[in-house]
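Coordinates in review
Chain by chain, the residues run as shown.
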Amino acid sequence: MDEAQQFESTQSSRREFVANLILAAGTALGLGSLAYRFLQYLYPVIRPLKLIQVLAGKPGDIPADGVRLVHLPEGPVLLEKQGKEIRALSAVCTHLGCIVQWHPGVRQFICPCHHGIYDFNGNVVSGPPPRPLEKLEVKLKDDEVFVVMKSLKEEQV
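Residues numbered from 1 in each chain as written. Predicted model: local features only at pLDDT ≥ 70, side-chain atom pairs only at ≥ 80, totals over all residues. Heavy atoms only, no water.

Moving on: the state of the cysteines. All told, the structure shown has one disulfide when counted by the stated rule. With a sulfur-sulfur separation of 1.9 Å, C98 is cross-linked through a disulfide to C113. Residues C98 and C113 are joined by a disulfide whose S-S torsion is about -105°; by sign, that bridge is left-handed. Here C98 is found in the loop between β4 (85-90) and β5 (101-103), whereas its partner C113 is found in the loop between β6 (108-110) and β7 (117-118), with 15 residues between them in sequence. (Disulfide = S-S within 2.5 Å. Helix = DSSP H or I, 4+ residues; strand = E, 2+ residues; numbered from the N terminus.)

Have a look at this one:
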């Protein structure tokens, strides 16, 4: 084998080596990424649930026998008043997370995304939502309405 053929053979084997190295590294990264997600599914990180009381307004802000949408840092809330009773529902549709809207003419909450319909109590009337709107605890203190919600903020240690 002359010197030119040997040089060409060496260059060819180096190219094949580098190509195989890149292919192996890409395959390893892809499989590692899949394995990581699979392990996250099998062993999820469970953080303790923290409930907080969030000021949502005053009882006079809610229309009599009506609904008021309040945007809080922890999420949108529907405050309902029926007589003297005040209730709170999450305004997040249980189908895909859109914000439901109150329609007083038919006394229903309607999701604008896929036309899920809920009654005044948050129960599913029709459409794709799999479950009712989440009911939230309401506390009245010093003529103010507080809603008990899950905190989205991480605790700082």
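To continue, consider a nonpolar patch on the surface. A cluster of nonpolar side chains, contributed by F38, L39, Y41, L42 and Y43, occupies part of the molecular surface with about 630 Å² of accessible area. Along the chain, L39 falls in helix α1 (residues 3-42). (Patch = residues over 30% accessible without salt bridge, like charges linked within 9 Å, V, L, I, M, F, W, Y side chains within 5 Å. Areas by Shrake-Rupley, 256 points an atom, 1.4 Å probe, with all protein chains shown as cover. Salt bridge = Lys/Arg side-chain N within 4 Å of Asp/Glu carboxyl O.)

The strand order β1-β10-β9-β4-β3-β2 describes an open sheet built from six strands, whose pairing is antiparallel. Of all strands in the sheet, those with a lone pairing partner are β1 (51-57) and β2 (67-72), marking the two edges. If you compare each strand with its neighbour and ignore which way they point, the axes differ by 35° on average. The pairing of β2 with strand β3 (residues 75-82) spans six bridges and is classified as antiparallel. Residue pairing in the sheet places V67 in a bridge with E80 of β3. (Pairing = 2+ DSSP bridges. Axes fitted to C-alpha atoms, helices over the stretch in contact; angles between N-to-C directions.)

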